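The chain contents come next:
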Amino acid sequence: MVVLTKPVIDHFPIVKNSCKAPSFFNSVPVIDLSKPDSKNLIIKACEEFGFFKVVNHDVPMEFISKLESEAIKFFSSPLSEKLKAGPADPFGYGNKKIGQNGDVGWVEYILVSTNSEFNYQKFASILGVNPEKIRAEVNDYVSAVKKMACDILEMLAEGLKIHPRNVFSKLLMDEKSDSVFRLNHYPPCPEIEGFNGKNLIGFGEHTDPQILSVLRSNNTSGLQILLKNGHWISVPPDQNSFFINVGDSLQVMTNGRFNSVKHRVLANSVKSRLSMIYFGGPPLSEKIAPLPSLMQGKDSLYKEFTWFEYKKSAYKTRLADNRLVLFEKNL
């Protein structure tokens, strides 16, 4: 197992643990995509949590297991080999450093564009890693997950009584969609045992700037979401299901009816955590603003902006910053 170097552990963010043993939040909304009432439950979950779990999805388990196998093979390689696929610019391999503005975490990752023209040759010189095999596994997985994300977005539109029903999903289906895919590996950190009720941050608190994020992880805990009452709660892991995050762009398009969920990942002292996240984004030129059909005489809470403008602004911020505040109207 690959372990990130110990001497730098003092430089990683620490948070207090509210309880000795992990306390799981068992009220995460669970949406059965095969049930006819799922669209109304999705609306409720987006309003209350900005987060929910989906079961009975159509993503083949074979796609998940094959990609996970490739990811484990890559992350098990010596650091000197993995660094050949870096630095993340923003795409490629990254280790500890998250973004360009000083954020760090107990994590290593691969970030790739879902664009069909993305070049996987960064992985070509890594011993035992076949870049075309990684491309094929990522493409199969992302295609299936994107279809599920679009189905969910169309259920959302139906539940909100918006026409046409592809008002959100067409942004992900557009050939110019600026979507990305991320594999995160959180190595175990045995030193946590001596932290006296404190936790090491694997990935710091943040919201996702895109429209919708689709997360799948192995059965190692670590994911937490922030409730509206200000409490952080741990989400029970489930390797056979997916977790959906409302992103900042969807919050704006619904004029704040849905809230993008703030979330983070804590490191584990014993087991490694592997997660794969599809971030569904619109084309760079797409204008993001509250949908007129949802306004019903209400004032818009946000200025109109393009996805490119928001993305450019987000890259200048720290993880925990409220990125939307710069685009809010002063009512």
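Residues numbered from 1 in each chain as written. Predicted model: local features only at pLDDT ≥ 70, side-chain atom pairs only at ≥ 80, totals over all residues. Heavy atoms only, no water.

Engineer: Sorry, what's going on with helix α7 (residues 307-314) here?
Structural biologist: Of all the residues in α7, the buried ones are W307, Y310, K311, S313 and A314. Projected onto a plane normal to the axis of α7, the buried residues spread over an arc of 160° and lie on a single side. The secondary structure elements touched by the buried residues of α7 are α6 (248-253), β14 (287-288) and β15 (305-306). (Buried < 20%, exposed > 50% of the residue type's maximum accessible area, 1.4 Å probe, protein only. Helix = DSSP H or I, 4+ residues; strand = E, 2+ residues; numbered from the N terminus. Arc of directions from axis to C-beta. Contact = heavy atoms within 4.5 Å.)

Engineer: Mind showing me how you'd approach unusual backbone geometry here?
Structural biologist: Backbone phi values are negative for most residues with the exception of glycine, while trans is the configuration of most peptide bonds. The omega torsion across G86 and P87 is -5°, close enough to zero to call that bond cis. If you trace the backbone, P87 turns up in the loop between α3 (79-82) and β4 (92-98). Between H163 and P164 the backbone carries a cis peptide bond, its omega angle lying at -5°. With respect to the helices and strands, the residue P164 is situated in the loop between α4 (131-159) and α5 (169-173). Phi is positive for K96, close to 75°, though the residue is something other than glycine. In this structure, K96 sits in strand β4. At N255, a residue that is not glycine, the phi angle is positive and equals roughly 55°. Locating N255 in the fold gives a position in the loop between α6 and β12 (263-266). Among the residues examined, N255 registers a relative accessible area of 11% and is labelled buried.

Keep in mind these values describe shape, not function.
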